[in-house]
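If you want the building blocks of each chain, they are given just below.
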Amino acid sequence: AERQEEQAGYAALLERAGQIEAAYQAWQADRRALEDWEAVAARFREHEKRRQAPLDEINQERARLSEQLKGLQRQGAAVESARQELPHLESQLQAALQAQGQVEAQLAERADLERELDSARQRQAQARAENPRLKAEMDELKERIDQLSKTEGAVCPLCGGPLSPQERANLIDDLTAKGRDMGDRYRLNQTLLKDSDASVKGLERQIASLAQAETDLRAHNRAVDQFTNRREAIVLAIDEWDSLQA
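Residues numbered from 1 in each chain as written. Predicted model: local features only at pLDDT ≥ 70, side-chain atom pairs only at ≥ 80, totals over all residues. Heavy atoms only, no water.

It is worth spelling out the overall build of the chain at this point. Each helix and strand counted, the chain has four helices and zero strands in total. Along the chain, helices (α) and strands (β) appear in the sequence α-α-α-α when read from the amino end. At 60 Å, the chain has a C-alpha radius of gyration far larger than the 18 Å of a compact globule built from 246 residues. Seen along its three principal axes, the alpha-carbon backbone of the chain occupies a region of about 205 × 35 × 25 Å. Contacts in the chain between residues far apart in sequence, at least 24 positions, make up 84% of those at least 6 positions apart. Accessible area of the chain: about 18100 Å², with a carbon and sulfur share of 53%. (Helix = DSSP H or I, 4+ residues; strand = E, 2+ residues; numbered from the N terminus. Rg over C-alpha atoms; globule rule 2.2 N^0.38 Å. Contact = heavy atoms within 4.5 Å. Areas by Shrake-Rupley, 256 points an atom, 1.4 Å probe, with all protein chains shown as cover.)

Now the structure itself:
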């Protein structure tokens with residue numbers, strides 16, 4: 001019974017011989033196909049290995065170009081923002097130039113006032129110094145006229161000889177006219193001193209009111225320089241960007 005069972009097993013195996021042979025042939029074919037695919041894979045891996053260096057270079061260049069593009073996009077945004085800023089900047093520059101011109105006019109006015117003040121002070125000093133001298137000379141003339149009027153035997157002040165009544169009268173007239181001129185000059189100086197005091201004080205007040213002009217001018221000069229430099233930088237950036245776009 002054992003041998004019959006073993007025989008039955010062999011018989012069943014023999015019956016499946018064709019199927020087994022076919023399966024074996026299919027396995028052989030699959031193995032050869034696998035070997036072919038392995039060869040293809042090996043060639044593919046070698047190909048991938050050879051193309052990896054160029055791919056790395058391409059990826060590096062792509063990254064560099066991507067950063068460059070981002071930089072250009074940022075630059076473009078900054079240029080467009082600056083382009084929009086330019087009209088307002090021009091307005092600020094014109095306002096600063098106008099203020100600068102006004103302050104320069106104030107400084108020119110102050111220079112004129114200072115010259116006028118110096119002239120008024122000189123006239124004031126001259127009048128103040130001249131009037132005591134005129135007063136002394138007028139007193140001296142008055143004394144001489146009084147002496148000539150009271151004395152009959154007057155002598156000539158030039159030659160020392162006696163004067164005739166007509167000559168004495170003529171001398172008195174000359175001295176009186178000279179004294180009158182001195183008096184007019186003295187009164188004119190008095191009026192000048194009175195008026196010049198008010199004039200000098202007024203000029204000093206005007207000059208003091210313009211004392212801030214120099215500080216203001218420096219501030220306006222700085223503002224003009226800043227706005228001008230900013231405008232030039234913006235115009236240059238716009239020109240460069242437009243050239244790049246072209």
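Moving on, we come to the pattern of salt bridges. Inspection of the entire model under this criterion finds 21 salt bridges. When the shortest N-O distance is used, the salt bridge between E46 and R50 registers 3.8 Å. In this pair, E46 and R50 are both assigned in helix α2 (residues 17-150), four residues apart and thus about one turn of the helix distant. Ionic pairing is found between E80 and R83, a salt bridge with its closest N-O pair at 3.5 Å. Residue E80 and its partner R83 are located together in helix α2, separated by three residues, close to a single helical turn. Relative accessible area serves as the criterion here: at 36%, E80 is assigned to the partly exposed category. The class of R83 is partly exposed, set by a relative accessible area of 31%. Through salt bridges with shared partners, a single network forms among E130, R133, E137 and R185. (Salt bridge = Lys/Arg side-chain N within 4 Å of Asp/Glu carboxyl O. Buried < 20%, exposed > 50% of the residue type's maximum accessible area, 1.4 Å probe, protein only.)

Over its 14 residues, helix α1 (residues 2-15) extends 20 Å from the first C-alpha to the last, a length consistent with the 20 Å expected when each residue adds 1.5 Å. The buried count for α1 comes to zero of 14 residues, which makes it a mostly uncovered element. (Expected span 1.5 Å × (residues − 1).)

With that settled, consider a nonpolar patch on the surface. A surface patch of nonpolar side chains, about 290 Å² in accessible area, is lined by Y10, L13 and I20. In this structure, I20 sits in helix α2. (Patch = residues over 30% accessible without salt bridge, like charges linked within 9 Å, V, L, I, M, F, W, Y side chains within 5 Å.)

Between its first and last C-alpha atoms helix α3 (residues 165-209) spans 65 Å; for 45 residues at 1.5 Å apiece the expected length is 66 Å, and the two agree. Considering bend angle alone, the principal kink of α3 is centred on S196 and spans about 25°. (Bend = angle between axes of the 7 residues up to and from the residue.)

Across the interface, α2 lies against α3 with an axial gap of 7 Å and an inter-helix angle of 155°. Judged by the angle between their axes, α2 and α3 are roughly antiparallel. The two elements α2 and α3 meet at a crossing, and its hand is left-handed. Residue classes in the contact of α2 with α3 are distributed as 19 nonpolar, ten polar and 15 charged. (Axes fitted to C-alpha atoms, helices over the stretch in contact; angles between N-to-C directions. Parallel < 35°, antiparallel > 145°, perpendicular 65-115°, else oblique. Left-handed = near helix turned anticlockwise from the far one by under 90°. Nonpolar A, V, L, I, M, F, W, Y, C, P; charged D, E, K, R; others polar.)

A word on the packing of α2 against helix α4 (residues 213-245). Orientation of α2 relative to α4, taken along the N-to-C sense of each, is 155°, at an axis distance of 7 Å. Between α2 and α4, the crossing angle belongs to the class labelled roughly antiparallel. Crossing geometry of α2 relative to α4 is assigned as left-handed. Taken together, the residues that form the contact of α2 with α4 break down as 22 nonpolar, eight polar and eleven charged.

In terms of nonpolar packing, the biggest core is built from nine residues, these being L134, M138, L141, I145, L148, L171, I172, L175 and M182. Elements supplying a minimum of two residues to this core: α2 and α3. If you tally residues by element for this core, the top one is α2, at five residues. Apart from the residues lying within four places of it in its own chain, the contact partners of L134 are M182, R185, Y186 and N189. (Core = buried A, V, L, I, M, F, W, Y, C linked by side-chain atoms within 4.5 Å.)

Mapped onto the fold, V79 is located in helix α2. When the C-alpha positions of V79 and E240 are compared, they lie 9.7 Å apart, and in sequence the two are 161 residues distant. Residue contacts for V79: discarding those within four places in its chain leaves A237, I238 and W241.

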